[in-house]
Amino acid sequence: MPRWKTFLSQYLRWSNPVTQALVLSAVTFCVVLPLCCHRLLYSYYFIRSVYLDSMSEEVLRESLDRGQDALRFWRSASAVSAWPPGFADADALRPELLVTVVTSRRDQGRDFHYLLQVMRRLSGALGGCGERRCAEVLVCDVESGPLENQDARLLEDRVRVVRRSPEEQRRNRDAVNTFEREKRDYVFCLRKGWELARPRNVVVLEDDALPKEDFFQVVRDLLSRRFSLDTLYVKLYHPERLQRYWNPEPYRILEWVGLGLVGATALLLAFSRWNPRGFSCAPSAGHLLFFTVYFMAVSELLGRHYFLEARRVSPQLYAVSPATECCTPAMLFPGNSSLRVAEYLDGSFCAKGNAKDTVLYRLARATPGEKSHSVEPNLISHIGAYSSVRPNPARPKLL
């Protein structure tokens, strides 16, 4: 028999564990996962050239429909009864939680009415809190241009809306760059919320941060955990495209390896009781190593985002980890930390490459005694396809 045939018969026969591993990997990564994941937006198998445009258009249509529904809702008489009693009570001091929604006028995307979408979702969530209110809500309108924010004006009869004085608006309009203006707006809203309500805890939402249905239940659970007693802030959102395991943040690597080990151990224990004919899966260090890497690869290629979504079963399952750098659409400031954040931001100058999220992240890491955290999965959906402060593409894309 020729030598190559001897090699094939010896090493590539089905009973050889290496052959079984190769076949399993080929079927999983070249057939099963591509078929199952080619339309999953945050999977490596997502076929961007085929599906991205249509999915982006669908999400824009859904957001536009929500915005138009919210506009009709707030213009209707039924909106008056949508707010829980005392929702707009300006004399309500020391609430357990104050939600401050920072908003400004949008030149593009006006028909989406992001602020009205967010406020309608908040009103529904607050209405489900029972007799004891979950929070007080404040709208902080930071528009400093000559045209007013019509959506904020529409809400004035239902909720407290605060603005700068005309002189303050003029000074802020003259700030040197967009990033510094955005930071000053944020500081103004933090301080105004504290001045008006003296809240025990503060959540700041940007006007395109649409809360999830369980928003208040999860925030209440987070505030009951010990870590919140000595944290500067808790990020409630991180872009889904940046939530992968293959990431410089060390805790995700540990989570990734742990998931692989759990999956491999469970599979080998199952095979020890029931072994399909012809498979060589007796528990061993080699098999444990292979299946650990196998499950790690499956979870990364499929998409960590989809594993995180399983945690929504209960508020207690939401994970808290060290803070990530990017983005501040939704932030929780336990205790009086919102005042410290305002002081920190006031002492920093923001510019391109040093926006307020970067400043906060670096300050929390560099200041002794300060800690910052992120919660996963996200507590809000970032619906702002059109920015109020940065240039926008003609038709925004999801990625």
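Residues numbered from 1 in each chain as written. Predicted model: local features only at pLDDT ≥ 70, side-chain atom pairs only at ≥ 80, totals over all residues. Heavy atoms only, no water.

Caption draft 1: Representation of the pattern of salt bridges in the model. Scanning the entire structure with this criterion turns up 26 salt bridges. Of the charged contacts, one joins Arg 184 and Glu 180 as a salt bridge, the two residues approaching to 3.1 Å between their closest N and O atoms. Of this pair, Arg 184 and Glu 180 both sit in helix α7 (residues 178-197), 4 residues apart, which is roughly one turn of that helix. Assessed through its relative accessible area of 34%, Arg 184 is described here as partly exposed. In this structure Glu 180 comes out as buried when scored by relative accessible area, which is 3%. Across the pair Glu 195 and Lys 192 runs a salt bridge whose closest N-O atoms are separated by 3.5 Å. Residue Glu 195 and its partner Lys 192 are both found in helix α7; the two are separated by 3 residues, about one turn of the helix. The exposure class assigned to Lys 192 is partly exposed, which follows from its relative accessible area of 21%. A cluster of three or more residues bridged by salt bridges with shared partners is formed by Asp 141, Glu 148, Arg 153, Glu 156 and Arg 163. (Salt bridge = Lys/Arg side-chain N within 4 Å of Asp/Glu carboxyl O. Helix = DSSP H or I, 4+ residues; strand = E, 2+ residues; numbered from the N terminus. Buried < 20%, exposed > 50% of the residue type's maximum accessible area, 1.4 Å probe, protein only.)

Caption draft 2: Inspection of the state of the cysteines at higher detail. A complete count under the given rule lists 2 disulfides for this structure. Shown here is the disulfide that connects Cys 140 with Cys 189, its sulfur atoms set 2.1 Å apart. The chirality of the disulfide connecting Cys 140 with Cys 189 is left-handed, given an S-S dihedral of about -85°. Placement of Cys 140 in strand β2 (residues 136-141) and of Cys 189 in helix α7 is noted, with a sequence separation of 49 residues between them. Across the pair, Cys 189 and Cys 140 agree in class, each one buried. Lacking any disulfide linkage, Cys 36 is separated from the closest cysteine sulfur, that of Cys 37, by 5.8 Å. Accessibility expressed as a relative area gives 2% for Cys 37, which makes it buried. (Disulfide = S-S within 2.5 Å.)

Caption draft 3: Molecular detail of helix α9 (residues 250-273). When the terminal C-alpha atoms of α9 are compared, their 36 Å separation across 24 residues agrees well with the 34 Å that a helix rising 1.5 Å per residue should span. Of the positions making up α9, those classed as buried are Tyr 251, Arg 252, Trp 256, Gly 260, Gly 263, Ala 264, Leu 268 and Phe 271. Considering only its buried residues, α9 is in contact with α10 (285-302), α11 (304-308), β7 (319-322) and β9 (372-376). (Expected span 1.5 Å × (residues − 1). Contact = heavy atoms within 4.5 Å.)

Caption draft 4: A look at the nonpolar core. Ranked by internal contacts, the top residues of the largest apolar core, which has 45 residues, are Val 99, Met 119 and Leu 236. Tallying contributions element by element places helix α4 (residues 114-127) first for this core, with 7 residues. Setting aside anything within four residues of it in sequence, one finds Val 99 in contact with Leu 122, Ala 135, Glu 136, Val 137, Leu 138, Val 203, Leu 205 and Phe 216. Leu 138, Val 187, Phe 333 and Ala 364 belong to the second-largest nonpolar core, a separate cluster that totals 27 residues. (Core = buried A, V, L, I, M, F, W, Y, C linked by side-chain atoms within 4.5 Å.)

Caption draft 5: Focus on α7. Between its first and last C-alpha atoms α7 spans 29 Å; for 20 residues at 1.5 Å apiece the expected length is 28 Å, and the two agree. Turning to α7, its buried residues are Glu 180, Glu 182, Lys 183, Asp 185, Tyr 186, Val 187, Phe 188, Cys 189, Leu 190, Gly 193, Trp 194 and Ala 197. The backbone nitrogen of Phe 179 has a side-chain oxygen 2.9 Å away, supplied by the residue at the start of α7, namely Asn 177. Just beyond α7, the residue with positive phi is Arg 198, at close to 45°. (Polar contact = N/O pair within 3.5 Å; in protein donor to acceptor, adjacent residues only side chain to side chain.)

Caption draft 6: Local environment of a positive patch on the surface. Taken together, the side chains of Arg 94, Arg 132, Arg 198, Arg 200 and Arg 220 make up a positively charged region of the molecular surface. With respect to the helices, strands and loops of the structure, Arg 94 is situated in the loop between α3 (48-75) and β1 (98-103). (Patch = residues over 30% accessible without salt bridge, like charges linked within 9 Å, V, L, I, M, F, W, Y side chains within 5 Å. Areas by Shrake-Rupley, 256 points an atom, 1.4 Å probe, with all protein chains shown as cover. Lys, Arg positive; Asp, Glu negative; His and termini not counted. Charge placed at Lys NZ, Arg CZ, Asp CG, Glu CD.)

Caption draft 7: Expanded view of the packing of aromatic side chains. Across all of its chains, the model carries 13 aromatic pairs by this definition. Relative to Phe 291, the ring of Phe 290 lies with its centre 5.0 Å away and its plane at 70°, an arrangement referred to as edge-to-face. Overall, the relative accessible area of 25% leaves Phe 290 in the partly exposed class. Three or more aromatic residues link up through ring pairs in this structure, and these residues are Phe 29, Phe 290, Phe 291, Tyr 294 and Phe 295. Between the NZ or CZ atom of Arg 164 and the centre of the ring of Phe 188, over which it lies, the distance is 4.7 Å. The ring centre of Tyr 245 lies 5.4 Å from the NZ or CZ of Arg 304, which sits over that ring. (Phe/Tyr/Trp six-rings, centres within 6.5 Å; stacked < 30°, edge-to-face > 60°. Lys NZ or Arg CZ within 6 Å of the ring centre and 35° of its normal.)

Caption draft 8: Layout of the packing of α9 against α10. Two elements in contact, α9 and α10, have axes whose closest approach is 7 Å; the angle formed by their N-to-C orientations is 125°. Here α9 lies oblique to α10, going by the angle between them. As for the relative orientation of α9 and α10, their crossing is right-handed in sense. Contact residues: α9 offers Trp 256, Val 257, Leu 259, Gly 260, Leu 261, Gly 263, Ala 264, Thr 265, Leu 267 and Leu 268, while α10 offers His 287, Leu 288, Phe 291, Thr 292, Phe 295, Met 296, Ser 299 and Glu 300. Grouping the constituent residues of the contact of α9 with α10 by class yields 11 nonpolar, 6 polar and 1 charged. (Axes fitted to C-alpha atoms, helices over the stretch in contact; angles between N-to-C directions. Parallel < 35°, antiparallel > 145°, perpendicular 65-115°, else oblique. Left-handed = near helix turned anticlockwise from the far one by under 90°. Nonpolar A, V, L, I, M, F, W, Y, C, P; charged D, E, K, R; others polar.)

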